[in-house]
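Below, each chain spelled out in residue letters.
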Amino acid sequence: MLFCCSCSISSKMERFSSSFLDLFDTASTVIAYDNNQDDFNAHLEEFHQKLEEYYKLYDIYNSYDAVVNLYILNKTAKDKPVQVDSKIIDLLEYGKYVYELSGGKTNICFGSVLSLWHDSRQYGMNNPDDASLPDMKALKEAAKHTDINSLVIDKEKSTVYFADPELQLDVGAVAKGYAVQEVCKWASENLWSSGAISIGGNVYTFGHKDDGKSLWNIEIESPNADYMDRVELVQITDLSVVTSGDYQRYYTVNGKKYCHIINPDTLMPSEYVASVSVICNNSALGDALSTTLFNMSIEEGKKLVEATEGVEAVWIDKEYNKTCSSGFDKYIKN
């Protein structure tokens with residue numbers, strides 16, 4: 001996602017921006033209007049600290065001092081119920097909601113399968129001449145331990161337990177969007193009255209730019225710049241744009257690219273489209289739906305989008321043809 005905006009909103013408020021790379025393993029950019037540089041820097045530090053709290057809680061690869069996070073859960077919740085922060089409980093409950101909404105296409109309990117792909121992808125990226133796919137027999141065996149009903153949540157006690165000891169959580173399809181929604185909503189109420197924030201392509205907008213009336217211009221990145229400069233330039237506010245694609249996180253085996261989004265039906269990387277972008281008023285929903293739609297044919301995806309209130313989407317297929325949902329055009333900048 002690329003931002004396009006002017007320099008001042010009024011004589012009292014100025015536009016400031018900053019980027020960082022240390023959270024959610026991605027590039028992030030904050031654009032907001034503030035009184036002066038010092039105020040913006042102070043507000044940005046508050047924003048970063050709050051986002052970092054979510055990042056540490058939702059990390060499945062690392063542990064942190066005095067933090068019971070998803071990494072710890074994956075190690076210990078098979079033995080007994082583990083008490084966790086309410087932010088984890090809320091995320092996991094949202095993950096169960098997304099599972100039902102997506103018909104199982106997006107499953108936070110798919111970690112046993114995704115870890116095999118993660119290991120193969122990391123090895124293949126570091127050793128491209130020796131890159132290989134995970135063994136299908138191992139993938140099928142891992143898929144036996146992805147039942148979301150084995151994730152036992154006790155909200156009253158704030159505990160999580162894995163009824164299947166081989167269950168593993170992977171919240172990559174929902175965690176970043178959920179954190180963006182929570183933290184950016186807080187920022188819009190406590191730090192800035194106008195901003196456009198991108199956390200690794202999860203874009204959250206609020207308020208207005210320039211004269212205090214203009215919408216934010218958000219450029220949806222092309223999955224292949226050789227075929228198109230961009231997917232669209234959209235004008236929005238109080239909405240999120242989230243994209244899933246095959247063009248950033250992938251590795252190559254025998255000359256073929258394999259992306260990071262795995263289809264639960266085939267246990268292989270999805271090959272329906274090159275990218276799909278979702279516009280809606282909730283970044284958590286946008287994140288979940290973009291993954292879900294990536295795991296569906298365009299025809300199936302359009303039915304889901306049309307049946308979901310307040311959601312629009314644009315797909316780019318493997319031949320780089322564009323398909324939009326019925327209401328998407330109202331966001332396109334003419």
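Residues numbered from 1 in each chain as written. Predicted model: local features only at pLDDT ≥ 70, side-chain atom pairs only at ≥ 80, totals over all residues. Heavy atoms only, no water.

Undergrad: Just checking my understanding: could you explain the pattern of salt bridges for this structure?
TA: In this structure the tally under the stated criterion is 13 salt bridges. Here Glu-93 and Lys-155 are joined by a salt bridge, their closest N and O atoms 3.5 Å apart. Here Lys-155 lies in the loop between β5 (151-154) and β6 (159-162) and Glu-93 lies in helix α3 (residues 86-101), a separation of 62 residues in the sequence. Glu-93 sits in the partly exposed class, given a relative accessible area of 33%. Its salt-bridge partner being Glu-189, residue Lys-185 comes within 2.7 Å of it at the nearest N-O pair. Within this pair, Lys-185 and its partner Glu-189 are both found in helix α6 (residues 175-190), separated by four residues, close to a single helical turn. Look at Glu-189 and you get exposed, because its relative accessible area is 53%. (Salt bridge = Lys/Arg side-chain N within 4 Å of Asp/Glu carboxyl O. Helix = DSSP H or I, 4+ residues; strand = E, 2+ residues; numbered from the N terminus. Buried < 20%, exposed > 50% of the residue type's maximum accessible area, 1.4 Å probe, protein only.)

Undergrad: I tried to follow the sheet that holds strand β8 (residues 202-206) on my own but got confused; where do I start?
TA: In sheet architecture, strand pairing relies on hydrogen bonds along the backbone and comes in two forms, parallel and antiparallel. Taken together, the eight strands give an open sheet; going across it, the order is β2-β3-β7-β8-β11-β14-β15-β16, and neighbouring strands pair in antiparallel fashion. Of all the strands in the sheet, just β2 (14-20) and β16 (322-324) have a single pairing partner and so form its edges. With strand direction ignored, the average angle separating the axes of adjacent strands in the sheet is 15°. Across seven bridges, β2 lies against strand β3 (residues 28-34) in antiparallel orientation. (Pairing = 2+ DSSP bridges. Axes fitted to C-alpha atoms, helices over the stretch in contact; angles between N-to-C directions.)

Undergrad: Honestly, the packing of aromatic side chains in this entry has me stumped. Any pointers?
TA: All told, the structure shown has 12 aromatic pairs when counted by the stated rule. For the pair Phe-47 and Trp-192, a centre-to-centre distance of 6.0 Å together with 50° between the ring planes defines the contact as tilted. Of this pair, Phe-47 sits in helix α1 (residues 37-58) while Trp-192 sits in the loop between α6 and β7 (195-199), placing them 145 residues apart in sequence. Residue Trp-192 is classed as buried on the basis of its relative accessible area of 2%. (Phe/Tyr/Trp six-rings, centres within 6.5 Å; stacked < 30°, edge-to-face > 60°.)

Undergrad: Explain the sheet that holds β5 here, please?
TA: Spatially, three strands are ordered β4-β6-β5 in an open sheet, and the strand pairing comes out antiparallel. Looking along the sheet, the strands with just one partner apiece sit at the ends: β4 (82-83) and β5. As judged from the two bridges shared by β4 and β6, these two strands associate in the antiparallel manner. Looking at β6, one finds that Gln-83 is bridged to Thr-159.

Undergrad: Explain the packing of α1 against α6 to me, please; I cannot follow it from the model alone.
TA: Describing two packed helices takes the angle between their axes plus the distance from one axis to the other. Across the interface, α1 lies against α6 with an axial gap of 10 Å and an inter-helix angle of 155°. Here α6 runs roughly antiparallel to α1, going by the angle between their axes. As for the relative orientation of α1 and α6, their crossing is right-handed in sense. Contact residues: α1 offers Glu-46, Phe-47, Lys-50, Leu-51, Tyr-54 and Tyr-58, while α6 offers Ala-175, Tyr-178, Ala-179, Glu-182, Val-183, Cys-184, Trp-186 and Ala-187. Class assignment for the residues of the contact of α1 with α6 results in 11 nonpolar, no polar and three charged. (Parallel < 35°, antiparallel > 145°, perpendicular 65-115°, else oblique. Left-handed = near helix turned anticlockwise from the far one by under 90°. Contact = heavy atoms within 4.5 Å. Nonpolar A, V, L, I, M, F, W, Y, C, P; charged D, E, K, R; others polar.)

Undergrad: Hey, could you run me through the confidence of the model for the chain in this one?
TA: Detailed reading of the predicted coordinates is not advisable wherever pLDDT is low. Predicted confidence across the chain gives a mean pLDDT of 93, with 96% of residues reaching 70 or more. Predicted confidence is poor over residues 1-11, with pLDDT under 50, and the contacts of this stretch with residues over four places away or in other chains come to 48 contacts. (pLDDT = per-residue confidence, 0-100.)

Undergrad: Explain the nonpolar core to me, please; I cannot follow it from the model alone.
TA: Side chains of a nonpolar character, in soluble globular proteins, are inclined to be buried together. Grouped together as the largest cluster of nonpolar side chains are 68 residues, with contacts concentrated most on Phe-47, Tyr-58, Leu-73 and Trp-192. Not counting residues within four places of it along the chain, the set of residues in contact with Phe-47 comprises Phe-20, Val-30, Val-183, Cys-184, Trp-186, Ala-187, Leu-191, Trp-192, Ile-197 and Ile-199. Listed in part, the 21 residues of the second largest apolar core include Ile-31, Met-228, Ile-236 and Ile-332. (Core = buried A, V, L, I, M, F, W, Y, C linked by side-chain atoms within 4.5 Å.)

Undergrad: Just checking my understanding: could you explain the environment of Lys-330 for this structure?
TA: When you line up the elements, Lys-330 lands in the segment after β16. Through-space distance from the C-alpha of Lys-330 to that of Leu-151 is 40 Å; in sequence the pair is 179 residues apart. A polar contact of 3.1 Å, which involves the side chain of Lys-330, links it to the backbone oxygen of Gly-327. (Polar contact = N/O pair within 3.5 Å; in protein donor to acceptor, adjacent residues only side chain to side chain.)

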